[in-house]
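Okay, here's what each chain looks like letter by letter:
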Amino acid sequence: METHFKMHLSWAREQDAKDPLKDFRKEYLFPQHNGRDVLYFTGNSLGLQPKGVQAAIDQELQDWATLGVEGHFEAQHPWFSYHEDFAPLIAPIVGAKEKEVVVMNQLTVNMHLLLISFYRPAGKRKKILFEYKPFPSDHYAFESQAKLHGYTTEEVLVEMQPREGEIQIKTEDIIAKIHELGDELATVCFGGVNYYTGQWFDMKAITVAAHEVGATCGFDLAHAAGNVPVQLHDWNIDFACWCSYKYLNSGPGGVSGAFVHERHHHNKALMRLAGWWGHNAETRFLMQPGFDPMPSAEAWQLSNAPVLSMAAHRAALELFQKTTMQHLRTKSLLLSDYLIFVIREIEKKTGQAMEIISPIDHANRGCQVSVRVKGRNKQLVKDLAREGVIVDWREPDTIRLAPVPMYNSFEDVYRFGEVIIPLLS
Ligand SMILES: Cc1ncc(COP(=O)(O)O)c(C=O)c1O
């Protein structure tokens, strides 16, 4: 961690002036509080609206109004091939080849579609290993997949526990657990970054271990996509899915994405729930029965593109095209290190115990810093909101803060400290 940090507004402003990504902030709409931008730290929950989104959606509405069905071919971005534009936009963000990604549905829907293909229990190999306290939707997906295959949840679900008294999970323990489960393990499915602690798991090491015992390996990247520089292709991950409304800033309930490693694309025997938009594009419009999957992640696509929500996604991803995940990561680490410094200053100045439950080391986290504010309750978040500071609360005493490199500033982080100190004193 850098040691030169200062709890001074002038220092924070100097960093902002030097920040090569500073102009991106102007591309986003900040909710207002007493005539100024709120201090927004919930980009891990819902990213801010890029200013270009309105025009992107308006364009589709206008094309629909003026062209009707002809918009499929005549719209500025023809709807017929609309989905194809997204592969080059999203692939570099998740470290994939273009043919390995597809934008479709919502996250949990995609998780199910991928589990249908990659969770194929047989004989004694039927267990799913997942992280301690996964996002509940993943848990429900695993439960229902177990039942779908005729098992009880007890027979299938294995929740990777941290060590006694710890909240983060050690990679060596995950690997040992995978080896212990051995040929009983069908699939490993972790969050890339855990939604609560912000722990970024060693996705590569987990995948290697899963493959060593003959299991498939996938990730829910809701908190990783656009946050940490994942390399889905190079890490040989089988499948992954993510949402677009957090770090990808594509709007509430925005369209999701999915990754399937190219190793699986030509396996026609792989079970897929099929729809017409996954059928071979050459013969799709012959409208014949007999599903012939596309030789790409598009084979998992069921339906034609939801153009209105994808228009928001397009505008949001075009901003990512103007930078790289590496540049965002460099700022993200500086900004979150500064936040960790500010939290320690708050603790010193107020005497309030603030336990950072996110990993401190860079290799194991993204920009989210989760802090237990001991003895406090949800009133703290309401008090902060009254002062124009938006953070989120997780029971029993945790606030999650995500200084997002795209639009947060060092001044935001400094001001968080300035506002919370009197509230805790
Ligand atoms: C880690 C994680 N998984 C799954 C979901 C559910 O996403 P969706 O409602 O898009 O299916 C969320 C939503 O916040 C999440 O954070």
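Residues numbered from 1 in each chain as written. Predicted model: local features only at pLDDT ≥ 70, side-chain atom pairs only at ≥ 80, totals over all residues. Heavy atoms only, no water.

Peer 1: I tried to follow the overall build of the chain on my own but got confused; where do I start?
Peer 2: The helix and strand tally for the chain stands at 13 helices and 17 strands. Whereas a compact globule of 425 residues would reach a radius of gyration of roughly 22 Å, the chain reaches 22 Å, a difference of no more than 12%. Counting only C-alpha atoms and orienting by the principal axes, one finds that the chain spans roughly 70 × 60 × 35 Å. Of all 425 residues assigned to the chain, the portion counted as buried reaches 57%. Within the chain, residue pairs in contact and separated by at least 24 positions form 71% of the contacts whose partners lie at least 6 positions apart. Looking at charge distribution, the chain has the averaged site of its 43 positive side-chain charges lying 4 Å from that of its 52 negative ones. (Helix = DSSP H or I, 4+ residues; strand = E, 2+ residues; numbered from the N terminus. Rg over C-alpha atoms; globule rule 2.2 N^0.38 Å. Buried < 20%, exposed > 50% of the residue type's maximum accessible area, 1.4 Å probe, protein only. Contact = heavy atoms within 4.5 Å. Lys, Arg positive; Asp, Glu negative; His and termini not counted. Charge placed at Lys NZ, Arg CZ, Asp CG, Glu CD.)

Peer 1: When you look at empty space enclosed by the protein in this model, what are you seeing that I'm missing?
Peer 2: Empty space among the atoms becomes apparent when a probe as large as a water molecule is rolled across them. Inspection of every chain in the model, using the stated rule, returns two cavities of 30 Å³ or more. The volume enclosed by the largest cavity comes to roughly 60 Å³. A per-class count over the lining of the largest cavity returns five nonpolar, three polar and two charged. Of the pockets and cavities examined, the second largest cavity occupies roughly 30 Å³. Along its surface, the second largest cavity is lined by Gly226, Tyr247, Phe320, Leu328, Val404, Pro405 and Met406. Taken together, the residues that form the lining of the second largest cavity break down as six nonpolar, one polar and no charged. Lining the lining of the second largest cavity are residues from two domains, each supplying at least three of them: domain 1 (9–30 + 324–424) and domain 2 (58–320). (1 Å grid on protein atoms, 1.4 Å probe; cavity = no way out; pocket = protein on both sides within 12 Å on 5 of 7 lines; lining within 4 Å. Points joined across faces, edges and corners; volume = space filled by probe spheres on them. Nonpolar A, V, L, I, M, F, W, Y, C, P; charged D, E, K, R; others polar. Domains from an automatic or database assignment.)

Peer 1: Quick question: what am I supposed to make of the sheet that holds strand 11 (residues 239–242) here?
Peer 2: Strand pairing within a sheet occurs via backbone hydrogen bonds; the two strands may be parallel or antiparallel. One open sheet accounts for seven strands, arranged 6-12-11-10-9-7-8; its pairing is mixed. Because the sheet does not close on itself, it has two edges, and the strands there are strand 6 (101–103) and strand 8 (157–160). Each neighbouring strand pair of the sheet contributes to a mean axis angle of 15 degrees, computed without reference to strand direction. With respect to the sheet, helix 9 (residues 203–212) is in contact with strand 9 (185–191) and strand 10 (216–220), its orientation differing from that of strand 10 by roughly 150 degrees. (Pairing = 2+ DSSP bridges. Axes fitted to C-alpha atoms, helices over the stretch in contact; angles between N-to-C directions.)

Remember, this is a structural readout, not a statement about activity or role.
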